[in-house]
Amino acid sequence: MAGYLVSDNRKVTTHRFIEMKQKGEKISMLTSYDYTTAGIVDNAGIDGILVGDSASNVMAGNATTLPITVDQMIYHAQSVVRGVKRALVVCDMPFGSYQIDRHEGVKNAVRMMKGSGCDALKLEGGQEIIDTVKGILDAGIPVMAHLGLTPQSINKFGTYAVRAKEDREAEKLIADAHLLEETGCFALVLEKVPATLAERVTSELQIPTIGIGAGGKTDGQILVVDDMLGKTKGFSPRFLRRYANLYDVMTDAIGSYVTDVKNQAFPTEEESY
């Protein structure tokens, strides 16, 4: 079985992302950071998996995405790629790996693609990084763009609040979106921007938009898998829907195991050799 609501077993490509927009078919994406989770996510029928630099928060416990390195991203991406058969696998380029200059960005992009085996890379930013984006595309590497709230710039913004509510920032986002499309990006993530702005950008672009906190009119949606499965606590933005409560499920299961070990109820004779 290919997955829920999915009967097409073909490998999802960047071209198929664009085809899905043209057909009006919504694109589903989630993050993954390890082999086991990625295999489950892929088998459930997801279209795209992002190996997000959110691994810095979810997997390593950092307060921001900034500390994670290229080597760590390659490790996570390798693990995910091994577990995936169908979904498009996109890997975040981490902070500092592409902002310095074009040469450094292309060098790191090539290293990440060769080392991870992923299908594409994602970069945050517009006009400021366009020369690097062009260099990476010229090297034959597909690029997914990212505008709106860009977590790698948190120290510049000073807040994780909704972006582009003011006209000036909204107009820059629209201009950046068109520039990124014209340069050759195959898709655009819009994070935490007003739904009306996301709808406008989506209608003006030929490439698909993937929203997170950007309303329901984008071409697709993405969430952090640990958040939507309810493995995390204390993070409840408006855009997050929890589809399970694994925190309590796992806590109860582990608690039962601890109790059984303490009471010598595990292992039983049947569970021994």
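Thresholds, definitions, all that
Residues numbered from 1 in each chain as written. Predicted model: local features only at pLDDT ≥ 70, side-chain atom pairs only at ≥ 80, totals over all residues. Heavy atoms only, no water. Buried < 20%, exposed > 50% of the residue type's maximum accessible area, 1.4 Å probe, protein only. Helix = DSSP H or I, 4+ residues; strand = E, 2+ residues; numbered from the N terminus. Pairing = 2+ DSSP bridges. Right-handed = clockwise from strand over helix to strand, strands pointing away.

Undergrad: I keep staring at the pairing of strand 5 (residues 143-148) and nothing clicks. Help me out?
TA: Within a regular beta strand, the side chains point alternately toward one face of the sheet and then the other, so they alternate between its two faces. With six of six residues buried, strand 5 is to be regarded as a mostly interior element. Residues Val143, Ala145 and Leu147 of strand 5 are buried on one face, and the alternating residues Met144, His146 and Gly148, pointing to the opposite face, are buried as well. Two elements, strand 4 (residues 120-124) and strand 5, share four bridges in a ladder whose sense is parallel. When the sheet's bridge partners are listed, Lys122 is paired in strand 5 with Met144. Remark: the strand 4/helix 6 (residues 130-138)/strand 5 crossover connection has right-handed handedness. Relative to strand 6 (residues 187-191), strand 5 runs parallel, the two sharing five bridges.

Undergrad: Honestly, unusual backbone geometry in this entry has me stumped. Any pointers?
TA: Negative phi characterises most residues that are not glycine, and trans characterises most peptide bonds. The linkage connecting Phe266 with the following residue, Pro267, adopts the cis geometry, with an omega of -5°. By the element assignment, Pro267 lies in the segment after helix 11 (246-262). In this model, Ala164 sits at a positive phi of 60°, which is unusual for a non-glycine residue. When you line up the elements, Ala164 lands in the loop between helix 7 (154-157) and helix 8 (167-183). Look at Gln264: it is not a glycine, yet its phi comes out positive at around 60°. Among the secondary structure elements, Gln264 is positioned in the segment after helix 11. Exposure remark for Gln264: the relative accessible area of 70% places this residue in the exposed category.

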